[in-house]
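# Breakdown of the fold
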Amino acid sequence: MFNLSIIQHNQTISSDISNITAEHLNKNLKRFEQQQILLQQQAKSSVPNHITPSDLDLFFQSNVENQFIENFNPLGNNAIASLKSVYSSISPNVLHITPEIESKVLSAWNLLNRYHNLLTTNSLNLYIFASEQFSLFYWPGLNINSISDFDNLLIKKQNLVTKIKHDQANKSYWSEIYISSENNKKTISLFTPIYVDGAYWFTIGQDFSLEQIELLLLKNDDAFANQHLITIDNINTDTETRNLIDKQYNLSKQELYEKIILKQSLIKPNEQGESSTRALSQISFKTNNQQALVHAQKLGELPLWLVTLAPFTPGSAITVAEFIFLFSLIMFLIVSIFLYVLLKRKVKRPIQILNQACNQIKQGNYHLETTSGFTELSKNNDDTGLLAQRYKQMSTYVKESLESLEDEITERTLTLDHALQEQKAIFNNAYIGILLIKNGKVTNCNKRFEEITGYKIVDVINQSQTFLKLDDRDILADMEWLKDKIFEHGSYMVDCECKHKNGNLFWCSTQFKAIDTQNLDKGIVLTIVDITKRRNAELLLAREARIDGLTGIGNRRAFDEAIVLACRRAQREQVEITLAMIDVDLFKKFNDTYGHVIGDEALIKVAKQLEKVTRRPYELAARYGGEEFALIFHGSSDIEAILNKVLDNVYGLKIENRASEHQFLSISIGAVTIKSPKHQKIPTQWLVKQADKMLYQAKRQGRNQIQYQYLESPPEQVLEQD
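Right, let's walk through the structure included here. (Residues numbered from 1 in each chain as written. Predicted model: local features only at pLDDT ≥ 70, side-chain atom pairs only at ≥ 80, totals over all residues. Heavy atoms only, no water.)

For the rest of this paragraph, the subject is the packing of helix 14 (residues 556-573) against helix 18 (residues 684-700). When two helices pack together, their arrangement is given by the angle between their axes and by how far apart the axes lie. For the pair helix 14 and helix 18, the least separation of the axes is 10 Å and the interaxial angle reads 110°. Here helix 14 lies roughly perpendicular to helix 18, going by the angle between them. Facing helix 14, whose interface residues are Phe559, Ile563, Val564 and Cys567, helix 18 presents Thr684, Leu687 and Val688. Split by residue class, the contact of helix 14 with helix 18 holds six nonpolar, one polar and no charged. (Axes fitted to C-alpha atoms, helices over the stretch in contact; angles between N-to-C directions. Helix = DSSP H or I, 4+ residues; strand = E, 2+ residues; numbered from the N terminus. Parallel < 35°, antiparallel > 145°, perpendicular 65-115°, else oblique. Contact = heavy atoms within 4.5 Å. Nonpolar A, V, L, I, M, F, W, Y, C, P; charged D, E, K, R; others polar.)

Written as structure tokens, this is what we have:
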């Protein structure tokens with residue numbers, strides 16, 4: 001079993017070495033192909049500056065009959081040292097130089113000038129053939145002494161080139177292996193057709209000797225295997241088949257060929273029925289003398305084989321392998337035991353001590369010296385000792401930080417307590433009442449609130465009953481309505497009527513503001529200010545604003561507001577409404593005769609007579625303007641009797657008026673009574689106009705009289721217009 005393992009191991013190594021070398025060889029051969037293909041892109045490059053038209057003429061003239069150039073080196077001395085390294089020829093078929101041939105020649109010289117060093121580093125030469133036009137050689141070391149020698153060389157190379165297809169661009173071709181007449185060595189040639197603008201121009205060629213390739217690419221200094229590059233085409237007729245491939249292991253070409261033939265006989269013929277040695281790509285076997293393992297493989301399309309030989313000594317290999325295996329096993333066990341002991345002593349125990357220290361710090365005990373083994377561990381100079389020292393420093397730092405944090409917390413707590421006391425003092429001594437409402441219930445209030453409402457804190461804390469009302473709406477009970485107002489505007493201010501604990505009503509100004517407008521459940525702050533005095537003053541001011549300054553009854557503003565309210569009430573309660581427009585007769589002449597002072601006194605007396613008949617709510621006596629007055633009545637009372645009483649009372653004042661035919665001051669009255677239809681409002685402007693019409697009618701009929709009209713409802717056209 002060990003023998004089989006060692007043999008398989010050696011075969012694997014031999015195969016791997018062969019594959020690596022074959023890959024290296026193929027890569028370099030591909031590199032040669034790529035170098036020639038790259039010339040495709042440089043074929044139309046400009047001609048070097050040192051080539052002149054006279055040089056070109058000299059080239060053509062000196063080569064018309066395949067003459068050898070000895071006095072012309074177009075590449076320059078810096079490019080090629082030997083003048084006899086460059087050879088050129090013009091075909092006898094070329095009778096005159098066309099621009100096309102001239103372009104091809106210049107391009108060929110340019111390529112030779114640019115790349116001769118690169119392309120001849122690993123090859124014997126570099127030459128360019130243009131079919132039946134010209135040829136150009138660069139062949140260092142070649143010694144030609146006559147035109148006939150050059151003609152023979154030219155014919156041989158042309159025969160090789162004519163075998164190469166040039167119907168595809170960017171494609172290189174390798175020739176068959178042949179014996180070179182120049183050096184009598186096995187040689188292989190590489191050709192690449194050059195195309196310009198899709199048209200074939202010429203072919204680039206290079207020659208490589210097998211010895212040159214083997215010396216350049218193979219390294220036989222491997223301590224394990226020997227390698228050789230050989231050809232075995234037609235080996236059965238080759239007189240050199242008995243030559244040794246490798247002297248160390250006594251392997252001959254004949255033995256290799258026999259192994260290939262034997263292996264080939266075991267392979268089924270391909271689809272074309274062929275079974276030549278070319279169908280076999282690689283083979284592995286032992287030499288006849290049992291000294292070496294052989295692995296041979298073919299190099300791509302080239303007729304070359306790479307042979308790799310590795311030693312085959314199973315007895316010694318087994319002994320060495322067993323010894324190496326046993327020795328490695330023993331050393332592995334010893335190292336494992338040593339590492340286990342070292343790990344337990346140097347790693348496991350320190351980790352346990354550090355873990356105990358961590359638990360001690362977690363419990364709030366920062367005196368790590370009490371941990372068993374911690375003091376000794378911290379004295380060590382290794383990594384664990386350094387880590388223990390860092391633990392000790394960390395525990396000290398944590399202890400000091402916690403003490404500092406406790407001091408800071410204490411200080412901040414005192415500061416917060418002081419701030420809380422200040423806020424509490426401000427809260428309780430504020431001029432305005434303050435409440436905190438959560439979920440519809442009062443959770444806190446200040447002393448000013450008690451003074452304003454009469455309710456103590458214990459009366460309102462956690463109570464949902466309210467003392468705040470707005471238009472008969474219980475504000476605290478209807479928190480959803482209040483929340484909508486606050487959420488929409490951020491806060492809500494309103495003046496509303498409040499109920500004191502003793503039952504009295506008073507007016508207050510309130511503001512509701514959310515602690516967090518995005519979350520009203522956090523609470524709402526209510527501030528309340530008693531505005532009863534201000535409200536009474538405003539009402540008094542408003543009342544005075546609606547009283548006529550001369551007569552003491554309602555003014556025009558009071559009339560305008562009262563007539564609207566009266567019409568709404570009549571519509572709501574389905575009652576009659578009466579509007580009487582009154583005018584003092586010939587009052588302008590009265591003023592002109594007796595003066596404005598007497599005139600003002602007369603107006604005051606008239607106003608008092610009007611005021612006597614308006615004692616019920618929603619009834620009004622008002623000065624409409626100048627000497628005009630207005631009366632508003634509600635209900636189905638005897639309106640005509642009331643108006644006649646007013647008319648008689650004014651005339652009964654016996655205020656002299658010589659301008660009047662009645663001798664005394666009198667008034668004219670135009671009145672309209674109407675019942676509002678259900679669900680229809682009474683147009684106020686229309687009602688005023690109707691009363692005015694009745695007044696004008698009383699004046700036209702002699703004054704000091706009443707014109708009265710009763711209507712069931714306003715005309716339909718009036719309702720439609722309104």
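There's more to say after this.
This next bit is on the environment of isoleucine 101. Structurally, isoleucine 101 is set in helix 3 (residues 99-119). Isoleucine 101 sits 29 residues away from alanine 130 along the chain, and the two C-alpha atoms are 9.0 Å apart. With near-sequence residues (within four places) excluded, isoleucine 101 lies in contact with Val94, His96 and Gln133.

Before going further, it helps to examine a negative patch on the surface. A grouping of Glu400, Glu403, Glu406, Asp407 and Glu411 is seen on the molecular surface, where their side chains present a negatively charged patch. With respect to the helices and strands, the residue glutamate 411 is situated in helix 9 (residues 383-429). (Patch = residues over 30% accessible without salt bridge, like charges linked within 9 Å, V, L, I, M, F, W, Y side chains within 5 Å. Areas by Shrake-Rupley, 256 points an atom, 1.4 Å probe, with all protein chains shown as cover. Salt bridge = Lys/Arg side-chain N within 4 Å of Asp/Glu carboxyl O. Lys, Arg positive; Asp, Glu negative; His and termini not counted. Charge placed at Lys NZ, Arg CZ, Asp CG, Glu CD.)

Right, let's get into the pattern of salt bridges. With the rule as written, the count across this model stands at 16 salt bridges. One salt bridge connects aspartate 516 with lysine 522, and the closest N-O pair in it is separated by 3.2 Å. Measuring nitrogen to oxygen at the nearest pair gives 2.6 Å for the salt bridge that ties glutamate 619 to arginine 616. The buried category is assigned to glutamate 619, whose relative accessible area is 11%. Salt bridges sharing partners connect three or more residues here, namely Arg546, Arg557 and Glu561. (Buried < 20%, exposed > 50% of the residue type's maximum accessible area, 1.4 Å probe, protein only.)

This part takes up the state of the cysteines. What the rule picks out here adds up to one disulfide. The partner cysteine of cysteine 498 in its disulfide is cysteine 508, sulfur to sulfur 2.4 Å. Residue cysteine 498 is located in strand 18 (residues 491-499), and its partner cysteine 508 is located in strand 19 (residues 505-514); the two are separated by ten residues in the primary sequence. (Disulfide = S-S within 2.5 Å.)

Read from one edge to the other, the open sheet built from four strands follows the order 8-13-12-11, with strand pairing classed as antiparallel. The open sheet is flanked by strand 8 (226-230) and strand 11 (282-286), the only strands paired with a single partner. Pairs of neighbouring strands in the sheet enclose a mean axial angle of 15°, with direction left out of account. Where strand 8 and strand 13 (residues 305-311) come together, five bridges link them in antiparallel fashion. Paired with isoleucine 230 across the strands is tryptophan 305, a residue of strand 13. (Pairing = 2+ DSSP bridges.)

A few words now on a positive patch on the surface. Together, Lys605, Lys608, Lys612, Arg615 and Lys645 give the surface a local cluster of positive charge. Residue placement: lysine 608 occurs in helix 16 (residues 596-611).

Our next topic: the sheet that holds strand 22 (residues 620-625). Reading across the sheet, the five strands line up as 22-23-21-24-25 and stay open at both edges, with mixed pairing between neighbours. Two strands close off the open sheet at either side, each with one partner strand: strand 22 and strand 25 (706-711). When the angles between neighbouring strand axes are averaged without regard to direction, this sheet yields 15°. The pairing of strand 22 with strand 23 (residues 628-634) spans five bridges and is classified as antiparallel. Counterpart to alanine 621 in the pairing with strand 23 is leucine 631. Here helix 17 (residues 639-651) sits on the sheet in contact with strand 21 (576-584), strand 23, strand 24 (667-675) and strand 25, set at roughly 165° to strand 24. Contacts from helix 18 reach strand 21, strand 22, strand 24 and strand 25 within the one sheet, and its direction differs from that of strand 24 by about 145°.

In this section: the nonpolar core. Grouped together as the largest cluster of nonpolar side chains are 27 residues, with contacts concentrated most on Leu610, Phe629, Leu631, Leu643, Ile667 and Ile669. Of all the secondary structure elements, the ones that give two or more residues to this core are strand 21, helix 15 (587-594), helix 16, strand 23, helix 17 and strand 24. Those residues in contact with leucine 610 that sit more than four places away from it in its chain are Ile582, Ala621, Phe629, Leu631 and Val646. With 24 residues, the next largest nonpolar core counts Ile452, Trp481, Cys496 and Leu526 among its residues. (Core = buried A, V, L, I, M, F, W, Y, C linked by side-chain atoms within 4.5 Å.)

Further remarks concern the side chain of glutamate 619. Along the chain, glutamate 619 turns up in the loop between helix 16 and strand 22. When neighbours within four sequence positions are excluded, glutamate 619 is seen to be in contact with Val613, Thr614, Ile632, Phe633 and His634.

So, about the side chain of threonine 527. Its location among the elements puts threonine 527 in strand 20 (residues 524-530). Taking the relative accessible area as the measure of exposure, threonine 527 reaches 19% and is therefore buried. Look past the residues within four positions of threonine 527 in its chain and what remains in contact with it is Ile432, Gly433, Ile434, Ser509, Thr510 and Gln511.

Right, let's talk about the pairing of strand 12 (residues 292-298) for a bit. The buried fraction of strand 12 amounts to seven of the seven residues, a majority that puts the element mostly inside the structure. Bridge analysis of strand 11 against strand 12 gives five bridges, and the strand direction is antiparallel. The partner of isoleucine 283 across the bridge, within strand 12, is alanine 296. Linkage of strand 11 to strand 12, two consecutive antiparallel strands, is achieved through a turn of five residues, within which glutamine 290 is found at a positive phi near 60°. Of the strand pairs in this sheet, strand 12 and strand 13 are connected by seven bridges, and their pairing is antiparallel. Note on strand 13: the bridge partner recorded for leucine 293 is alanine 310.

Among the surface-exposed residues, Phe323, Ile324, Phe327, Ile330, Met331, Ile334, Val335, Phe338, Leu339 and Leu342 lie close enough to one another that they form a single nonpolar patch of about 980 Å² accessible area. Note on placement: phenylalanine 323 falls in helix 7 (residues 314-362). Since its relative accessible area comes to 58%, phenylalanine 323 is described here as exposed.

Scanning the model with the defined rule gives ten aromatic pairs in all. Here phenylalanine 587 and phenylalanine 590 contribute two aromatic rings whose centre-to-centre distance is 6.0 Å and whose plane-to-plane angle is 20°, an arrangement assigned as stacked. Here phenylalanine 590 and phenylalanine 587 lie together in helix 15, a separation of three residues that amounts to about one turn. Owing to a relative accessible area of 6%, phenylalanine 587 belongs among the buried residues under this scheme. Here the basic side chain of arginine 448 rests over the ring of tyrosine 431, its NZ or CZ set 5.1 Å away from the ring centre. The ring of phenylalanine 664 has lysine 654 sitting right over it, with the charged end atom 4.9 Å from the ring centre. (Phe/Tyr/Trp six-rings, centres within 6.5 Å; stacked < 30°, edge-to-face > 60°. Lys NZ or Arg CZ within 6 Å of the ring centre and 35° of its normal.)

Moving on, we come to the pairing of strand 20. Here strand 14 (residues 433-438) runs beside strand 20; their pairing, made up of five bridges, is antiparallel. By the bridge assignment, isoleucine 434 is partnered in strand 20 with threonine 527. Relative to strand 20, strand 19 runs antiparallel, the two being bridged by seven bridges. In the sheet register, phenylalanine 512 faces strand 20, and the bridge partner there is leucine 526.

Their axes nearest at 7 Å, the elements helix 15 and helix 16 cross at an angle of 135°. Judged on the interaxial angle alone, helix 16 and helix 15 are oblique. Here helix 15 contributes Phe587, Phe590, Asn591 and Tyr594 to the contact with helix 16, which in turn contributes His596, Ile598, Gly599, Ala602 and Leu603. Grouping the constituent residues of the contact of helix 15 with helix 16 by class yields six nonpolar, three polar and no charged.

The subject of this paragraph is helix 12 (residues 479-489). Buried within helix 12 are the following residues: Met479, Trp481, Leu482, Lys483 and Ile486. Glycine 490 lies just past helix 12 and shows a positive phi near 90°.

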